[in-house]
Amino acid sequence: MVKILFGLILFFSFGFSQQDIPNVWLTKAERSNFIETARYEETLGFCRQLEKASSWIKIISIGKSGEGREIPLLIVSKENIFNPEKVYKSSKTVVLIQNGIHSGEIEGKDASLMLLRDIVITKKYPHLLDNTILLILPIYNVDGHERFNSYNRINQNGPAQMGWRTNATNLNLNRNYMKADAPETRAFLKMFNTWLPDFFIDVHTTNGADYQYALSYSIDNSENMQQGVRTWINENIIKNVFTNMESSGYPLVPYVWFRNNMDLEKGIQGGVAPPRFSNGYPPLQNRPALLIETHMMKDYKTRVEGVYHFILTILENFHTDNGQLKKAVRNADAQTINGVISPFPIRFETNSEADSINFLGYQAIVESSEVSGTNWIRWTNEPLDIKIPWFNKTKVTAAIEPPLAYLIPQQWINVIDVLRYHGIDVERLKQPVEVDAEVYRLSDAKWQEKSYEGRHPVSYNVEKFTEKRKFPVGTFVVRLNQRLAKVAIHLLEPEAPDALAFWGFFDAIFEQKEYAEAYVLEKLAREMLVENAELKKEFESKIASDTTFAKSPQARLNFFYERSPYWDTQMNLYPVARVVSDVKFVTEPVKK
């Protein structure tokens, strides 16, 4: 508790004195003593005011939301480098700060604008731009931001009114990075691939339990990341930034996901986020992604100032980084272009090994509830300082041998659209080609009954085999000798956690379109039993071992239909083929 109190003391001594700042440069949050946060138009007005007052700032729109609002991006450069190509060629580290993907969790917006003012207007920290270019999304989910209400976040302690979690079509943008169903996501992906930031920060407010920390975090430093980038994360973020936060009185804790909500001594769960999430997608592009989670039970002022200090500490680290991250990221990109590692991991799980960490919580009382009919937990104000296990060690549970290229029949244009949203290089065959291709057959498809993010995800079994196949002119080709190879793999390999097949882009392949009448199959079955002794043996064995099959007339007849030449051989056949041998394709690029 001493550390927390010390941190609060520092909040009031660390640059948050407002009497020296003209009222015109105070955010609405500051002017209201952090009771309120600005609406969309007010926020844009403050951003334009900053742009007008400082030549270091340029505002652009990355695109429009579903309801037609512009999504603003602030580019901050001391040398007025506002062209993405020049930004990429510069020696400066590019940091992207995203706020308001869940627009009820909006302290990142206020913290970013306060810090930006203290860099370019009050000039308290102008040195932070010596080696860094900032990209700031003050509000990403702009439509959700304007669904403004006092009752949008039942667990959250302020501000008085805030935005909504999802966009205007009720999609959670923080589950949408791969399938890209939302216009906001498509705008983000285009922006990300245009500016290619070296480091990504996404600011949220957590739900969950009560504890002393104002801030928690998540950053992937598993083997999901290229080794040079992992080393940089460990030495600069985990060692330097986190240590500096701790010594400054801002203790951090890994993202708090209790294994047992009723018993915190069971520890917290870590792991590798799948790429549908903001902290899981940039690693596929070799970029570290830091998730900042403020604690919803802390007041809004504490949360805003905590984010302010966290981002400030990160930028101070980049001031002395001498471009080491940029070098690591560029090396990782080059390695990806030359060939991703083989086998390439696509799924991870947290194993049973755990580190022991100190946890600053509160004493809790678990008691029976006559309301819910089960136990419930409530926290006291009594501080608790204990050691708990942190399960953050991961293991690979699925990996693939990367092909040289994928071939996609030209009729699957909806799939190509998603690849292009991600910036993946796609070509078309100008001449037909015949190759030994690796293909998948999917079986036992089961759809999630309840809709999830506007879709019904599907699970299936996967079987791989090789066959000689002809591909006509117009077939799409996705080579993996490109920077976005890891993204392509995760979209096109059906066993990946956010594969397009999982999200339902290939659902039609599971549908049977031709059927046989029972009287026809009765005759066909008898002929097949007479002609094929092995088939007769297989049929009798299945009747003996599978009572469900034995009692189903339709299943018994379908047994023969599926083994006859009349069966649809393309049913359950995944249309994307893998090319693993060096084949010369005559192609033309597909415009992005």
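Heads up: the structure comes first, above all this text.
Scope of this entry: the structure provided in the associated data block. (Residues numbered from 1 in each chain as written. Predicted model: local features only at pLDDT ≥ 70, side-chain atom pairs only at ≥ 80, totals over all residues. Heavy atoms only, no water.)

**As for helix H11 (residues 413-421)**
Here comes step 1: Along H11, the positions that sit buried rather than exposed are Val415, Ile416, Val418 and Leu419. Angularly, the buried residues of H11 cover 160 degrees about the axis, an arc narrow enough to put them on a single face.
Here comes step 2: Next to the buried residues of H11 lie strand S14 (405-408), strand S18 (476-479) and helix H12 (485-492).
Here comes step 3: Immediately downstream of H11, the backbone of Gly423 shows phi near 85 degrees, a positive value. (Buried < 20%, exposed > 50% of the residue type's maximum accessible area, 1.4 Å probe, protein only. Helix = DSSP H or I, 4+ residues; strand = E, 2+ residues; numbered from the N terminus. Arc of directions from axis to C-beta. Contact = heavy atoms within 4.5 Å.)

**Quick look at the packing of aromatic side chains**
Here comes step 1: Using the criterion set out here, one finds 30 aromatic pairs in the structure.
Here comes step 2: Seen from their ring centres, Phe199 and Phe318 are 5.4 Å apart, and the 65 degrees between their planes marks the pair as edge-to-face. Pair noted here: Phe199 is in strand S5 (residues 199-206) and Phe318 is in helix H9 (residues 300-319), with a separation of 119 residues, a long-range link.
Here comes step 3: Residues Tyr217 and Phe242 carry aromatic rings whose centres are separated by 4.1 Å and whose planes lie at 50 degrees to one another, so their mutual orientation is tilted. On the criterion of sequence distance, the pair formed by Tyr217 in strand S6 (residues 215-219) and Phe242 in helix H8 (residues 227-247) is long-range, its members being 25 residues apart. (Phe/Tyr/Trp six-rings, centres within 6.5 Å; stacked < 30°, edge-to-face > 60°.)

**Regarding the nonpolar core**
Here comes step 1: Counting 76 residues, the largest nonpolar core has Val120, Phe199, Leu290, Ile292, Phe310 and Phe359 as the members making the most contacts within it.
Here comes step 2: It is H9 that provides the largest number of residues to this core, a total of 10 residues.
Here comes step 3: When sequence neighbours within four positions are dropped, the list of residues in contact with Val120 reads Leu50, Ser54, Trp56, Ile57, Val76 and Leu129.
Here comes step 4: Formed by 74 residues, the second largest nonpolar core is a distinct cluster that contains Val418, Phe476, Ala496 and Tyr574. (Core = buried A, V, L, I, M, F, W, Y, C linked by side-chain atoms within 4.5 Å.)

**Some thoughts on the pattern of salt bridges**
Here comes step 1: Scanning all chains against the criterion turns up 34 salt bridges.
Here comes step 2: In this structure, Glu70 and Lys64 form a salt bridge, with 3.9 Å as the shortest nitrogen-oxygen distance.
Here comes step 3: Lys92 is the salt-bridge partner of Glu79, the closest N and O atoms lying 2.3 Å from each other. Taken together, the residues Glu79 in the loop between strand S2 (70-76) and helix H4 (84-89) and Lys92 in the loop between H4 and strand S3 (93-98) connect sequence positions 13 residues apart.
Here comes step 4: Overall, the relative accessible area of 41% leaves Glu79 in the partly exposed class.
Here comes step 5: Judged by relative accessible area, which is 8%, Lys92 ranks as buried.
Here comes step 6: Through salt bridges with shared partners, one network takes in Glu438, Lys464, Glu493 and Arg578. (Salt bridge = Lys/Arg side-chain N within 4 Å of Asp/Glu carboxyl O.)

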